[in-house]
Amino acid sequence: MSETKRLAGEKAIEYVKDGMIVGVGTGSTVAFFIDALARIKDRIKGAVSSSEQSTQHLQRHGIEVLELNHTGMLELYVDGADECDPGKCLIKGGGAALTREKIISEASHRFVCIIDKTKQVPVLGRFPLPVEVIPMARSLVAREILAMTGGQPVWRDNTVTDNGNVILDIHNLSITDPMTMEREINQIPGVVSVGLFARRPADIVIIGGTPPTVL
Ligand code: 5RP
């Protein structure tokens, strides 16, 4: 599996053009992308990072990490996913970085998603849907999500996000209308963001393999 993740991460390098500032996601697949990016680091201006974990990885390779507030819109964002449906809608947030990932994907003209084939699903929801929540709203949000979706919220153990918040993972969902669910969960007071990427799906999906598949 890590071999297919590596192949996906390396394929994504083809989308990096000279002089770019590259948006960089979080996770084990992205780690392979960062390692590949390091090999061409002299051709890029730097990166915008979606997590402390990716920032440290980028900096270990000597890649400059820039502030999104200073860069403006990015040409390219590369990130992994926990699930991907046929419309390129995603579940993300298995690594708890969903909010910053959402911000950078929104600020990017092209979102290249790198996955292995186990992440492809006909309908999103087998992977528990992560929701980042302000700590004092945890129980309120859990009750409202249960009533709204029928899914079972589980407070993720030992996890504080880079923004100081907690994660609820919503189990037993079958998300046939991801756009509506994304909007409705986002509207619950106390929700920072939900790990559904339907309003802003991936533009390109690379599935690691020999050769990689590009959708
Ligand atoms: C982090 C994410 C990751 O992209 C997602 O969890 C996939 O991770 P991996 O590449 O390790 O399978 O959304 O918040």
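Definitions and limits used
- Residues numbered from 1 in each chain as written.
- Predicted model: local features only at pLDDT ≥ 70, side-chain atom pairs only at ≥ 80, totals over all residues.
- Heavy atoms only, no water.
- Helix = DSSP H or I, 4+ residues; strand = E, 2+ residues; numbered from the N terminus.
- Rg over C-alpha atoms; globule rule 2.2 N^0.38 Å.
- Buried < 20%, exposed > 50% of the residue type's maximum accessible area, 1.4 Å probe, protein only.
- Contact = heavy atoms within 4.5 Å.
- Lys, Arg positive; Asp, Glu negative; His and termini not counted.
- Charge placed at Lys NZ, Arg CZ, Asp CG, Glu CD.

> Account for the overall build of the protein chain, with residues named and values stated.
Of regular secondary structure, the protein chain possesses seven helices and 13 strands. A compact globule built from 215 residues would reach a C-alpha radius of gyration of about 17 Å, and the protein chain, at 17 Å, matches this within 12%. Taken over the C-alpha atoms alone, the protein chain extends approximately 50 × 35 × 30 Å along its principal axes. Per-residue burial over the protein chain gives 53% buried out of 215 residues. Contacts spanning at least 24 positions in sequence make up 73% of the contacts within the protein chain whose residues lie at least 6 apart. Distance between charge centroids for the protein chain: 3 Å, based on 23 positive and 26 negative side chains.

> Which residues make up the side chain of Ser 51, and what values do they have?
Within the secondary structure, Ser 51 is located in the loop between strand S2 (46–49) and helix H3 (52–60). The class of Ser 51 is buried, set by a relative accessible area of 4%. With residues up to four places along the chain from it excluded, the contact list for Ser 51 reads Thr 26, Ala 97 and Asp 162.

Just distances and angles here, no functional claims.
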